[in-house]
Protein chains: 2
Amino acid sequence: MSPLALKDAQHIVLQHAVALGAESIDLLQALGRVLAQDIRSNRDHPPYAVSAMDGYAVRAADLSAVPVQMPVVADIKAGELPSIILGAGQCARIMTGAKIPDGADAVIRVEDTQASASHRVQINVSAQAGKDIRQRGENLRTGEIVLAAGSEITPGALGILAMVKCARVQVRQRPRVAILSSGDELEGLHDAFDANKIPDANSYALMAQVQALGIQPTLLGIARDDPAELRGMLALGLQHDVLLVSGGTSVGVHDFVRPTLEALGVQMHFWRVQMRPGHPAAFGTTASGKVFCLPGNPVASMVSFEQLVAPALRRMMGHARLYRRTLPARLTQSLPHRAGNLEFVRVVLGRDEQGYLATPTGSQSSGVLLSMARADGLLVVPNKSEGLAAGDSATVQLLDGTAFQEYSGIEEQ
Amino acid sequence: MSPLALKDAQHIVLQHAVALGAESIDLLQALGRVLAQDIRSNRDHPPYAVSAMDGYAVRAADLSAVPVQMPVVADIKAGELPSIILGAGQCARIMTGAKIPDGADAVIRVEDTQASASHRVQINVSAQAGKDIRQRGENLRTGEIVLAAGSEITPGALGILAMVKCARVQVRQRPRVAILSSGDELEGLHDAFDANKIPDANSYALMAQVQALGIQPTLLGIARDDPAELRGMLALGLQHDVLLVSGGTSVGVHDFVRPTLEALGVQMHFWRVQMRPGHPAAFGTTASGKVFCLPGNPVASMVSFEQLVAPALRRMMGHARLYRRTLPARLTQSLPHRAGNLEFVRVVLGRDEQGYLATPTGSQSSGVLLSMARADGLLVVPNKSEGLAAGDSATVQLLDGTAFQEYSGIEEQ
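Just so we're clear, the structure is a prediction, and the values are computed from it rather than from any experiment. (Residues numbered from 1 in each chain as written. Chains lettered and ligands numbered in written order. Predicted model: local features only at pLDDT ≥ 70, side-chain atom pairs only at ≥ 80, totals over all residues. Heavy atoms only, no water.)

Asker: Please clarify how the overall build of chain A should be interpreted in this entry.
Answerer: Assigned secondary structure in chain A consists of 7 helices and 28 strands. For 413 residues, the compact-globule formula gives about 22 Å, and the C-alpha radius of gyration of chain A, at 30 Å, lies well above that figure. Here the C-alpha coordinates of chain A stretch approximately 95 × 50 × 40 Å along the principal axes. Look at the contacts in chain A between residues 6 or more apart in sequence, and 71% of them connect residues 24 or more apart. Looking at chain A as shown, the accessible area adds up to about 15200 Å², and 49% of this sits on carbon and sulfur atoms. (Helix = DSSP H or I, 4+ residues; strand = E, 2+ residues; numbered from the N terminus. Rg over C-alpha atoms; globule rule 2.2 N^0.38 Å. Contact = heavy atoms within 4.5 Å. Areas by Shrake-Rupley, 256 points an atom, 1.4 Å probe, with all protein chains shown as cover.)

Here it is as structure tokens:
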């Protein structure tokens, strides 16, 4: 099977990734989850017309000539239900969020008034009816769908859920993900030090990538190059919704993984993807599970996770947004490239007045995990590119950890 | 005290926000935390020269004329320590990550070869010495600092920590954050329904904003407008590193919060910020803690959290990147604006070939939390702006939940 274009590989993976079932969880745990139900408002909000400001509730018609002195006939705070009816020429002190008394139809902000004698105030500006009043149901109406199934529960959405009193909420389940490294050369995190071994970084980098999506994976450890051990650990992994295996996926004669997966009933859909790093990335399915075979090189493993695994896990969680955010950036240096491979170059982002700048992190050898740890994003060099020049614009896929920047970026003036 | 410019308010807040002490945690829990120690490599990685590809280890000098047939004298897989010394005219089958045998100085990829008779192979291309070999210590050298104190533990960094066998790691502590809502008009999430009450959305939206920073806050609930109750709850909140109080911060006569805080020994540093929404945002400190008084309107509360609280919490956690990512976007419609206030307009982001497009989410009334739940970001309208026209470029501060997009954004060709 010849290597697939990345978008074709993504298409195959996503065809096999469907949103999981629903579960009911506590609102306190709901951030980042995806709604499996439409949410309707259980109330009008605000429940009555309220003041949008601290000030004085008035009858707009009384303010044709200003300034004007008025008696303050009540003092209404939020949460009170005022019993008065405002008469002509009267006003009431009112707090933000407090109920507008009957008779009043506008609010004058406190800064547009002057307190005078006790129980009197001077109003300095006129107003149209409705000024600085939030009407009943302006935010939410009883029965209205306020959040549709499929919405991600952002902080704002979580606030809405609290507003309509959803203390528990139906959300999409998260996939159960297992992670397995393979290879005799690997030394586990808790194994004794052996200078000739290669430490198992993949299990932990992949774990962190899965955690960054809001899923706690199961680490199965390291399968040695022993057919029975490998078979047992793969079988265990396949009991999860998604199994990630790194290493052991090359075309070499020592490759146990592929035949063992096939012997376990896995149907392999592709075995190579036209991208670097991440070329030897494979995908298979059973009736109930999915398996991704990722390269043994940690950078290649991480890059293929972002391109292939993350969108699938996001879809299984019910998300509509599957792909990491991209933005355009200009290269600060030239990038040689041999046409024929889509390439992801690890870059750090800077900024000037024209926009974002991308600088490669140094060695792009796929073994150099340090370059990934330092990267803000992956710069995309298209298949057909014969190389990019300094100043060329390119697409950068943002990595986790880039939601924040060092400068505020806000020009107040 | 007149309202401060946002950057001045941020400056004051950050002057009082210092990185907290260190704690030792398990690597499995370390994602997103900030290193409190320099991390040095405990090994050379790779520990010896290894093959970067599946192929054949050769002596480059033997390939002056190609194609050339060679005997395959060994088959070396990752994790083995080969005992052979490669002689002139010989090659060895080698796997990615396997040790280069003595005598060999290059690797020819399997796709540039042709298997012929048993134990013989035809090499089709020549190579320079060093081709497709990763040298000992190319990734990490023993004793080298691989991650400096202050680094955020991204997935790549977590992989590095596993690579140098840091099963436990010293990181900055996370601040203890308490959240309190205030006001007689509020109905708690678990209170009986009362159509005349205002549901407490702020506690939960703020909780989610704090959670999104990787901190689990303590919800103190609702303080009623009773001086003794409010004082007790504020005193409890001040025992945390950071207390967030929403509501009750207006200039109105019913405002108990400010005098109560002052009576509890809080020194207030500012009480208003020149931005909308979020104007009535205040900040104070005690010897050991910080308190932010945020507006009662949920949108205003969320916006002021992002501008003032999030950078402080990030700095306390040890982060260098304090501010949410910004990017330029063009407005799809005009935006009226009255000069004098920095304004944050909730927008959804779209995209065309020229870049990002920003469309306001509808009502910008600060009570309309729905607009915040739907927003991808906050578009910045500077103080002095007299309004923006459709097509104008503006800065958008990305909100949580925007790390992913619906399209891959990657053009492979």
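Asker: Just checking my understanding: could you explain the side chain of His-337 of chain B for this structure?
Answerer: Residues and elements named next belong to chain B. Within the secondary structure layout, His-337 lies in the loop between strand S23 (326-331) and strand S24 (342-352). A distance of 2.8 Å separates a polar atom in the side chain of His-337 from the backbone oxygen of Asn-341. Among the polar contacts made by the side chain of His-337, one reaches the main-chain carbonyl oxygen of Ser-385 at a distance of 2.9 Å. Residue contacts for His-337: discarding those within four places in its chain leaves Glu-343, Val-381, Pro-382, Asn-383, Ser-385, Glu-386 and Gly-387. (Polar contact = N/O pair within 3.5 Å; in protein donor to acceptor, adjacent residues only side chain to side chain.)

Asker: Please clarify how helix H4 (residues 227-237) of chain B should be interpreted in this entry.
Answerer: Since there are 3.6 residues in each turn of an α-helix, residues three or four apart along the chain are aligned in direction. Residues and elements named next belong to chain B. All of the buried residues along H4 are Leu-230, Met-233, Leu-234 and Gly-237. Projected down its long axis, H4 carries its buried residues within an arc of 100°, all on one side. Buried residues in H4 make contact with strand S13 (177-182), strand S16 (218-223), strand S17 (242-246) and helix H5 (257-263). (Buried < 20%, exposed > 50% of the residue type's maximum accessible area, 1.4 Å probe, protein only. Arc of directions from axis to C-beta.)

Asker: Would you take a moment to explain the relation of the copies chain A and chain B for this structure?
Answerer: The second copy of the chain is related to the first by a rotation about an axis and a shift along the axis. Mapping chain A onto chain B calls for a rotation angle of 180° and an axial translation of 0.0 Å; the resulting RMSD is 0.1 Å. Such values leave the two copies arranged in the relation of a two-fold axis. Taking C-alpha positions as the reference, the residue of chain A nearest the rotation axis is Ala-403 of chain A, at 3.5 Å. A symmetric contact is evident, with 99% of the interface residues of chain A recurring at the interface of chain B. (Least-squares fit on C-alpha atoms with pLDDT ≥ 70 in both.)

Asker: Before we go on, may I ask you to explain the sheet that holds strand S6 (residues 91-94) of chain A in this structure?
Answerer: Each strand in a sheet pairs with another by means of backbone hydrogen bonds, the pair being arranged parallel or else antiparallel. All names here are of chain A. With mixed pairing, 6 strands are arranged side by side in an open sheet as S7-S4-S6-S5-S9-S8. Looking at which strands have only one partner, the edges of the open sheet turn out to be strand S7 (106-109) and strand S8 (113-115). Going from strand to strand, the sheet's axes swing by 40° on average, the running direction of each strand aside. (Pairing = 2+ DSSP bridges. Axes fitted to C-alpha atoms, helices over the stretch in contact; angles between N-to-C directions.)

Asker: It is not clear to me how the packing of aromatic side chains should be interpreted in this structure. Could you clarify?
Answerer: Applying the stated rule across the entire model yields 4 aromatic pairs over all chains. The interplanar angle of 35° and the centroid separation of 5.9 Å between the aromatic rings of Phe-270 of chain A and Phe-283 of chain A together place this pair among those described as tilted. With Phe-270 of chain A in strand S18 (residues 267-270) and Phe-283 of chain A in strand S20 (residues 282-285), this pair connects stretches of sequence that are 13 residues apart. Phe-283 of chain A matches Phe-270 of chain A in its accessibility class, with the two residues each being buried. Between the aromatic rings of Phe-283 of chain B and Phe-292 of chain B, the centroid separation amounts to 4.9 Å while the plane-to-plane angle is 40°, which identifies the pairing as tilted. As far as burial versus exposure is concerned, Phe-283 of chain B and Phe-292 of chain B are alike and both buried. Of note, Arg-258 of chain A hangs over the ring of Trp-271 of chain A, and the distance from its end group to the ring centre comes to 4.3 Å. (Phe/Tyr/Trp six-rings, centres within 6.5 Å; stacked < 30°, edge-to-face > 60°. Lys NZ or Arg CZ within 6 Å of the ring centre and 35° of its normal.)

Asker: Which parts of the structure should I look at to understand the sheet that holds strand S5 (residues 68-76) of chain B?
Answerer: Residue and element names in this part refer to chain B. Ordered by their spatial adjacency, 6 strands build an open sheet running S7-S4-S6-S5-S9-S8, and the pairing between neighbours is mixed. On the outer flanks of this sheet lie strand S7 (106-109) and strand S8 (113-115), each paired with one strand and no other. Direction aside, the axes of adjacent strands within the sheet are offset by 40° on average. Of the strand pairs in this sheet, S5 and strand S6 (residues 91-94) are connected by 4 bridges, and their pairing is parallel. Paired with Ile-76 across the two strands is Ile-94, which belongs to S6.

Asker: Just to check I follow, could you spell out the pattern of salt bridges for this structure?
Answerer: It is possible for side chains of opposite charge to pair when their charged atoms get near one another. By the definition in use, this model includes 30 salt bridges over all chains. The residue Lys-77 of chain B makes a salt bridge to Asp-184 of chain A at a minimum N-O spacing of 3.5 Å. Placement of Lys-77 of chain B in the loop between S5 and S6 and of Asp-184 of chain A in the loop between strand S13 (177-182) and strand S14 (186-187) is noted, with the two residues assigned to different chains. Here Asp-184 of chain A falls in the partly exposed class, since its relative accessible area comes to 24%. In this structure, a network of salt bridges that share partners links the residues Arg-43 and Lys-165 of chain A together with Glu-187 of chain B. (Salt bridge = Lys/Arg side-chain N within 4 Å of Asp/Glu carboxyl O.)

Asker: Just checking my understanding: could you explain the domain arrangement of chain A for this structure?
Answerer: When the parts of a complex come together, some accessible area is lost, and that lost area is often taken as the interface size. One can read the domain layout of chain A as domain 1 (6-20 + 174-316), domain 2 (22-45 + 139-172), domain 3 (50-134) and domain 4 (326-398). Each of domain 1 of chain A and domain 3 of chain A has a C-alpha centre, and these two points are 66 Å apart. (Domains from an automatic or database assignment.)

Asker: What is the right way to look at the packing of helix H1 (residues 6-15) of chain A against helix H6 (residues 298-316) of chain A in this model?
Answerer: In a packed pair of helices, the relevant descriptors are the angle between the two axes and the axis-to-axis distance. Residues and elements named next belong to chain A. With their axes 9 Å apart at the nearest point, H1 and H6 run at an angle of 30° to one another. Here H6 runs roughly parallel to H1, going by the angle between their axes. Between H1 and H6 the crossing geometry is right-handed. Contacts from Leu-6, Ala-9, Gln-10, Val-13 and Leu-14 in H1 reach Gln-307, Leu-308, Pro-311, Ala-312 and Arg-315 in H6. Class assignment of the residues belonging to the contact of H1 with H6 gives a composition of 7 nonpolar, 2 polar and 1 charged. (Parallel < 35°, antiparallel > 145°, perpendicular 65-115°, else oblique. Left-handed = near helix turned anticlockwise from the far one by under 90°. Nonpolar A, V, L, I, M, F, W, Y, C, P; charged D, E, K, R; others polar.)

Asker: So what exactly am I meant to see when it comes to the side chain of His-45 of chain A here?
Answerer: Structurally, His-45 of chain A can be placed in the loop between strand S2 (39-40) and strand S3 (50-51). Contacts of His-45 of chain A, omitting those with residues within four sequence positions, involve Gly-137, Glu-138, Asn-139, Leu-140 and Met-163 of chain A together with Ile-198 and Pro-199 of chain B.

Asker: What exactly am I supposed to notice about the interface of chain A and chain B here?
Answerer: Between chain A and chain B, the residue contacts involve 123 residues of the former and 123 residues of the latter. Our count for the chain A to chain B interface comes out at 10 salt bridges. Measuring nitrogen to oxygen at the nearest pair gives 3.1 Å for the salt bridge that ties Glu-187 of chain B to Arg-43 of chain A. The tally of links from chain A across to chain B stands at 37 residue pairs in polar contact (both at pLDDT 80 or more). The residue inventory of the side of chain A that touches chain B, partitioned by class, reads 60 nonpolar, 30 polar and 33 charged. Bridge count for strand S22 (residues 323-324) of chain A against strand S28 (residues 404-405) of chain B is 2 bridges, and the pairing is antiparallel. If you follow Arg-324 of chain A over to S28 of chain B, its bridge partner there is Phe-404 of chain B.

Asker: Honestly, unusual backbone geometry in this entry has me stumped. Any pointers?
Answerer: With the exception of glycine, most residues fall at negative phi, and the peptide bonds are largely trans. Residue and element names in this part refer to chain A. With an omega of -15°, the peptide bond running from Arg-276 to Pro-277 counts as cis. Topologically, Pro-277 is positioned in the loop between strand S19 (275-276) and S20. Positive phi, close to 65°, is recorded for His-119, a residue that is not glycine. Residue placement: His-119 occurs in the loop between S8 and strand S9 (120-123). Look at His-119 and you get exposed, because its relative accessible area is 60%. Phi angles above zero are rare outside glycine, and Asp-132 is one such case at about 55°. Within the secondary structure layout, Asp-132 lies in the loop between S9 and strand S10 (133-134).

Asker: Quick question: what am I supposed to make of the environment of Val-18 of chain A here?
Answerer: With respect to the helices and strands, Val-18 of chain A occurs in the loop between H1 and strand S1 (22-26). With residues up to four places along the chain from it excluded, the contact list for Val-18 of chain A reads Arg-315 and Met-316 of chain A.

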